[in-house]
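Spelled out from the first residue to the last, the chains are:
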Amino acid sequence: MINESTIKEIISSQGEDEPEGEDMSRRSFLWMGAGAIGAVYIGAIGYPVYRYLATPAERAAQAAAVTQTTLDGADKLPVNTALMFKFGTKPAMLIRHADGTFSAFNAVCTHLGCTVAYDTAAAKITCACHGGEYDPTSGSNLAGPPPKPLTRFNVEVQDGRVTVARA
Amino acid sequence: MDASLSQEPNRGRRTLAAAIYGWVDERLDLTGLIAHAREKAVPEHRHSFWYYWGGISLFFFVVQVLSGILLLVYYRPGPEAYESVRQITYDIQFGWLIRSAHSWSANLMVLAVFVHMFSVFFMRAYRKPREFGWWTGLILLGLTLVFGFSGYLLPMDDLAYFATKVGLEIPAAIPLVGTLVTEIVRGGPEITDVTIQRFFALHVVILPFLYLPFLAIHVWLVQKHGNALPPSEEAKPEPERRSIRFFPDFFAKDMGMWLLSLNILAILASLFPWQLGPQADELAAAPQGIHPEWYFMSQFQILKVFGRWFPGAVGEFLGIGLFTAGLIIWAVIPFIDSRSASGSRARTAFYIGLAALLGLIAITIWGYWEL
Ligand code: FES
């Protein structure tokens, strides 16, 4: 039968009884010291490895932090069509409505993250994954599973350039 | 009774640990394993220092596996090889350190393997029953050198390119089949993206696949036969020989060596980061003093010198013949010196070993001298 004392006998290098009092505290002090040094090594190796692996994620976070994007020549976009572009790291969509005005949205579906499309015939934003539908002007969720409206961006047109900015 | 009260939580933790240990032990017989490790003895004498070099080699191999896996995260073989290594070195955070550790550890591993081999040789540890340990060790050495050679090309900077070009002259000098074999290894007459792709496959798939089983056999044999006694200890009568327990005494010292190796590697890798030269350009002239890595220097120099003494194919033939003969003698040394007692055979083996060691060192120095 295995019990605590046989294990101790096997593990402790002296094979003697547990040291008492001062011995005990000296021993635990040594173990603590060894543990602290071990922790320093783990940190000194773990930190560079973590930063190494995290580099793309950190770069993406920096890229995602952009607040505006200028789209050259987007004022020539035909009415009732949409232009897909990248806002930071995510897909975005610029829609020119029938009346010539613009709307821009984050094109990531608020349900499970598929990229949405502009349906010209129905003049609606739709998501092919689970049939979500959004309003092309406000971005509000009209039908299907999406729980929230699409994130809307501000659009400004000046001298042939369309600037899309975080609202 | 205060003391016993304050120990209560500790007790609880220990009982839990004991319970978990008991559960695992019932299934894996850890107690038997530890008891076995404690019974196992390692000879202790004034040459004991050399027993640690196999373990040190193993440590650097483990570092190679881990740092290699990390490099694999960003390295791209093929036309983008140089660009991806440039990114690792200058762009990705701490990429320079991981690459530097991989390169330094590779060199330290080759060094440790050589020290291990010669110390085994001079302890005459290749004798019965350890012949297979010697042969698997030689195979591991060969694979280690191919690891080093194939890895050296992967960054595809100018040094890598020309060192590989020059290094491939060694197999190309093999009579009859040399050119054919070399062109298959290189993937054509020139070093191109195709070469990188196949060196990459060799370096990260084929070689590990071959290396690991031999390593397992090698380590298992050491465990099976234990450490060999050097001749000076064998001469002593049994009661005068001393030994320490494998666990925990030898094990603790072994781990101490690993820690020391880790510190040396950390200092070298961080203070002397491995450089990346300009991208290889087949139209650019080779940089002055181009030469292969130090562990191929002796072969390179022999081929060079023999080529000078005996121009044409004769020189190559003699150069290759010399290594081959040397390697064959090295491999059959367990047959040349097979007796347990020291005698004239043992003396012959000793001089062969001494000639090999001094010869390799001298020819390597000569090679660097002539650059
Ligand atoms: S992801 Fe768009 S509807 Fe589900």
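Residues numbered from 1 in each chain as written. Chains lettered and ligands numbered in written order. Predicted model: local features only at pLDDT ≥ 70, side-chain atom pairs only at ≥ 80, totals over all residues. Heavy atoms only, no water.

So, the overall build of chain A
Scanning chain A for helices and strands turns up 2 helices and 10 strands. Along chain A, helices (α) and strands (β) appear in the sequence α-α-β-β-β-β-β-β-β-β-β-β when read from the amino end. Taking all 167 residues of chain A together, 25% fall into the buried category. Of the accessible surface of chain A, which amounts to about 10300 Å², a share of 58% is contributed by carbon and sulfur atoms. (Helix = DSSP H or I, 4+ residues; strand = E, 2+ residues; numbered from the N terminus. Buried < 20%, exposed > 50% of the residue type's maximum accessible area, 1.4 Å probe, protein only. Areas by Shrake-Rupley, 256 points an atom, 1.4 Å probe, with all protein chains shown as cover.)

Let's talk about the overall build of chain B
Within chain B, the secondary structure is distributed over 17 helices and 2 strands. Oriented by its inertia axes, the alpha-carbon framework of chain B measures out at about 85 × 60 × 35 Å. Within chain B, the proportion of its 371 residues that are buried is 41%. Long-range pairs, those at least 24 residues apart, make up 79% of the contacts in chain B between residues at least 6 apart in sequence. When the accessible surface of chain B is summed, it comes to about 20200 Å², and 70% of that surface belongs to carbon and sulfur atoms. Averaged over its 28 positive side-chain charges, chain B has a centre that lies 10 Å from the centre of its 29 negative ones. (Contact = heavy atoms within 4.5 Å. Lys, Arg positive; Asp, Glu negative; His and termini not counted. Charge placed at Lys NZ, Arg CZ, Asp CG, Glu CD.)

Thoughts on the interface of chain A and chain B
You'll often see interface size given as the accessible area lost when the parts meet. The partner chain B presents 25 residues to the 21 residues of chain A that form the contact. Both sides together, the interface formed by chain A and chain B hides about 2000 Å², and carbon and sulfur atoms give 63% of it. Inspection of the region where chain A meets chain B yields 1 salt bridge. With a shortest N-O distance of 3.6 Å, B:Asp91 and A:Arg59 are connected by a salt bridge. Counting across the chain A and chain B interface gives 6 residue pairs in polar contact (both at pLDDT 80 or more). Of all the secondary structure elements, the ones that give two or more residues to the side of chain A that touches chain B are α1 (4–11) and α2 (21–64) of chain A. The element that contributes the greatest number of residues to the side of chain A that touches chain B is α2(A), accounting for 13 residues. The residue makeup of the side of chain A that touches chain B, split by class, is 13 nonpolar, 3 polar and 5 charged. (Buried area = accessible area lost by both parts, 1.4 Å probe. Salt bridge = Lys/Arg side-chain N within 4 Å of Asp/Glu carboxyl O. Polar contact = N/O pair within 3.5 Å; in protein donor to acceptor, adjacent residues only side chain to side chain. Nonpolar A, V, L, I, M, F, W, Y, C, P; charged D, E, K, R; others polar.)

Points about the packing of aromatic side chains
All names here are of chain B. A complete count under the given rule lists 33 aromatic pairs over all chains for this structure. Summarising the aromatic geometry, the rings of Tyr 52 and Phe 250 are spaced 5.0 Å apart at their centres and angled 15 degrees between planes, so their arrangement reads as stacked. Residue Tyr 52 is located in the loop between β1 (41–44) and α4 (53–72), and its partner Phe 250 is located in helix α13 (residues 246–271); the two are separated by 198 residues in the primary sequence. According to the relative accessible area criterion, Tyr 52 is buried, its value standing at 6%. With 5.2 Å between their ring centres and 85 degrees between their planes, Trp 294 and Tyr 295 make a pair best called edge-to-face. On the basis of relative accessibility, which here comes to 6%, the residue Tyr 295 falls in the buried class. Through a chain of ring-to-ring contacts, three or more aromatic side chains come together here, namely Phe 118, Phe 121, Phe 122, Tyr 126, Trp 134, Trp 330, Phe 350 and Tyr 351. The ring centre of Trp 23 lies 3.9 Å from the NZ or CZ of Arg 27, which sits over that ring. (Phe/Tyr/Trp six-rings, centres within 6.5 Å; stacked < 30°, edge-to-face > 60°. Lys NZ or Arg CZ within 6 Å of the ring centre and 35° of its normal.)

Re unusual backbone geometry
All names here are of chain B. Geometrically, the link from Lys 128 to Pro 129 is a cis peptide bond, its omega value of 5 degrees lying close to zero. With respect to the helices, strands and loops of the structure, Pro 129 is situated in the loop between α6 (95–122) and α7 (131–153). Of note, the amide linkage connecting Phe 247 to Pro 248 takes the cis form, showing an omega dihedral of 5 degrees. Within the secondary structure, Pro 248 sits in helix α13. Positive phi is not limited to glycine here, since Phe 94 has a value of about 65 degrees. What makes Phe 94 partly exposed here is its relative accessible area of 24%. The backbone phi angle of Arg 124 is positive, close to 55 degrees, even though this residue is not glycine. Locating Arg 124 in the fold gives a position in the loop between α6 and α7.

Here's the deal with the packing of helix α14 (residues 297–309) of chain B against helix α15 (residues 313–331) of chain B
Residue and element names in this part refer to chain B. Between α14 and α15, whose axes approach to 8 Å, the crossing angle comes to 145 degrees. Between α14 and α15 lies a crossing whose hand is right-handed. Between α14 and α15, the residues in contact are Gln 299, Ile 302, Leu 303 and Phe 306 and Gly 315, Glu 316, Leu 318, Gly 319, Ile 320, Leu 322 and Phe 323, respectively. Tallied by class, the residues present in the contact of α14 with α15 amount to 7 nonpolar, 3 polar and 1 charged. (Axes fitted to C-alpha atoms, helices over the stretch in contact; angles between N-to-C directions. Left-handed = near helix turned anticlockwise from the far one by under 90°.)

Looking at the side chain of B:Thr89
Residues and elements named next belong to chain B. Mapped onto the secondary structure, Thr 89 falls in helix α5 (residues 81–90). Take Thr 89: its relative accessible area is 8%, and that puts it in the buried class. In this structure the side chain of Thr 89 is engaged in a polar contact, spanning 2.6 Å, whose partner is the backbone oxygen of Val 85.

Things to note about the domain arrangement of chain B
Residues and elements named next belong to chain B. Domain boundaries assigned for chain B yield domain 1 (22–41 + 48–278) and domain 2 (293–371). Averaged C-alpha coordinates put domain 1 and domain 2 at centres separated by 22 Å. Listed by partner, the interface residues are 26 residues for domain 1 and 30 residues for domain 2. Both faces combined, the contact of domain 1 with domain 2 buries some 2500 Å², and carbon together with sulfur accounts for 74% of it. (Domains from an automatic or database assignment.)

Remarks on the pattern of salt bridges
One pass over the structure, following the stated rule, counts 16 salt bridges over all chains. The salt bridge involving A:Lys76 is made with A:Asp75; its shortest N-O contact spans 3.9 Å. Residue classification places A:Asp75 among the partly exposed residues on the basis of a relative accessible area of 22%. B:Arg76 is the salt-bridge partner of B:Glu80, the closest N and O atoms lying 3.1 Å from each other. A relative accessible area of 40% means that B:Glu80 is categorised as partly exposed.

Digging into the state of the cysteines
All names here are of chain A. Under the criterion given, the structure shown has 1 disulfide over all chains. Here Cys 114 is linked by a disulfide to Cys 129, with a sulfur-sulfur distance of 1.9 Å. Between Cys 114 and Cys 129, the S-S torsion sits near -95 degrees, and that sign places the bridge as left-handed. Taken as a pair, Cys 114 in the loop between β4 (102–106) and β5 (117–119) and Cys 129 in the loop between β6 (124–127) and β7 (132–134) lie far apart in primary sequence, 15 residues in all. (Disulfide = S-S within 2.5 Å.)

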